[in-house]
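Results of the structural survey
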Amino acid sequence: MPAPSAIDPRLLRAFLAVAEELHFTRAAARLYVAQQALSRDVRRLERELGAELFVRTTRQVTLTADGERLLPLARRVLTAQDELLASFGQARPLLVDLNSAGLVTGRRVLHRARELAPDGELMARYESGLTGAAAELLAGRLDASFGRFAGLDPAVRSGLEQQPVRFEPMAVVLPEDHPLGARAEVPLAALAGETVYAGAGNPRTREWTDLACRLFEGRGIRLAPPLPLAVGDEEFERIMGKTRHPVLAVVDFPALPRTVRRPLVEPVPLSPVSLVWRKGLVHPGLDALRRAAREAAEAEGWLRRPGGSWIPEADETAMTARQ
């Protein structure tokens, strides 16, 4: 069969989604298309190339040798197409992870970015933590996220870029009848002897658990053991009611029924928040996000550290590297 004179980029996107997910149903959900349409596009691409790209069985999907050969080429072609369209204001939607729906920092930046780029489409996603989001960024399934950049593995950081956004003061969420809930602020020393939940066991939020371990070290605060992952306010409240563990959070953590949120002091621990994206990404939506982050940081003083604050040395280095 003669080589095709041109290949529709849509077919390459279908191939790439299946190649990365190795599952047609998940790939179709990722592209927001019907599975039958996705399968049809993959078969068409195979016909045009005259090559079988996947081995399909009832249990699994794997790449053939030709599929492995096509994978890096398809990524380069689609990256070049995205850059071309972005240069002429015709960019695809930018997928922006906000970690969770109730957190303020990323949401405010995204809302302002939408005002700065009204003709673009910036779509919110919720990946729970930066560790989980980073894998999606590197795979090209997500474009930007927010979180603690220094908490990522160095090999992961090497494929990403970041812009410091905020030193966010940390807090503790307590059952409303907890003795410490009567205080307006909770000194860290008052948590000595407490077992505090900070996401231990959640593979998507390892950077947050690591920050907690550094904060608790030498202060007599125990890290709560892994718990079932609670999805949604109702489940979070239920699990918290059973364990009655205080929960490490940030000052803008959303209010939950039958709990109180109190800022931590003496010292004031800070959660370092950066805007993080895949290295080499070119997109007008990213430009708008970066500008929005700069505006918010300047207007709100987000990058001014309060007196008597605490932050790990590695985070301080990361947060000053690109200011």
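Structure first, text after, so check above.
Residues numbered from 1 in each chain as written. Predicted model: local features only at pLDDT ≥ 70, side-chain atom pairs only at ≥ 80, totals over all residues. Heavy atoms only, no water.

**With respect to the packing of helix H5 (residues 104–116) against helix H10 (residues 284–300)**
- Running from amino to carboxyl end, H5 crosses H10 at an angle of 120 degrees, the nearest separation of the two axes being 8 Å. If you check the angle between H5 and H10, you find them oblique. You can see that H5 and H10 cross each other, and the crossing is right-handed. Each of Arg108, Val109, Leu110, Arg112, Ala113 and Leu116 in H5 lies in contact with H10, whose residues at this interface are Ala288, Leu289, Arg291, Ala292, Ala293, Glu295 and Glu300.
- Partitioning the contact of H5 with H10 into residue classes produces 8 nonpolar, no polar and 5 charged. (Axes fitted to C-alpha atoms, helices over the stretch in contact; angles between N-to-C directions. Helix = DSSP H or I, 4+ residues; strand = E, 2+ residues; numbered from the N terminus. Parallel < 35°, antiparallel > 145°, perpendicular 65-115°, else oblique. Left-handed = near helix turned anticlockwise from the far one by under 90°. Contact = heavy atoms within 4.5 Å. Nonpolar A, V, L, I, M, F, W, Y, C, P; charged D, E, K, R; others polar.)

**Notes on helix H3 (residues 35–49)**
- With 15 residues, H3 ought to run about 21 Å at 1.5 Å a step, and its terminal C-alpha atoms sit 21 Å apart, in line with that.
- Residues of H3 that are buried include every one of Leu38, Ser39, Asp41, Val42, Leu45 and Glu46, and no others. Projection of H3 onto a plane perpendicular to its axis shows the buried side chains occupying an angular sector of 160 degrees, all on one side. Facing away from the buried side of H3 by over 90 degrees, the exposed positions are Gln36 and Arg47. (Expected span 1.5 Å × (residues − 1). Buried < 20%, exposed > 50% of the residue type's maximum accessible area, 1.4 Å probe, protein only. Arc of directions from axis to C-beta.)

**Quick notes on the packing of helix H1 (residues 9–21) against H3**
- Put simply, H1 and H3 touch, their axes get as near as 9 Å, and they point 110 degrees apart. As far as their axial angle goes, H3 and H1 are roughly perpendicular. For H1 against H3, the interelement crossing comes out left-handed. Mapping the contact onto sequence places Arg10, Leu11, Leu12, Ala14, Phe15 and Val18 in H1 and Leu38, Asp41, Val42, Arg44, Leu45 and Glu48 in H3.
- When its residues are assigned to classes, the contact of H1 with H3 shows 8 nonpolar, no polar and 4 charged.

**A look at the nonpolar core**
- In this structure, Met170, Leu191, Trp208, Leu215, Phe216, Leu248 and Leu264 are the most contacted members of the largest nonpolar core, which totals 28 residues.
- Every element with two or more residues in this core is listed here: strand E6 (160–175), helix H8 (206–216), strand E10 (247–250) and strand E11 (259–265).
- Here the element with the most residues in this core is H8; it accounts for 5 residues.
- Apart from the residues lying within four places of it in its own chain, the contact partners of Trp208 are Met170, Ala198, Leu248, Ala249, Val250 and Ser271.
- By size, the runner-up hydrophobic cluster in this structure holds 23 residues, among which are Val96, Leu110, Ala144 and Ala293. (Core = buried A, V, L, I, M, F, W, Y, C linked by side-chain atoms within 4.5 Å.)

**Some remarks on unusual backbone geometry**
- In this structure, the amide linkage connecting Glu266 to the following residue, Pro267, adopts the cis form with an omega of -5 degrees.
- As for its placement among the helices and strands, Pro267 is situated in the loop between E11 and strand E12 (268–278).
- With a phi angle near 60 degrees, Arg258 is a residue other than glycine that sits in the positive phi range.
- With a phi close to 55 degrees, Glu266 is a non-glycine residue in the positive phi region.
- Structurally, the position occupied by Glu266 is in the loop between E11 and E12.

The values reported here are purely geometric and, on their own, carry no functional implication.
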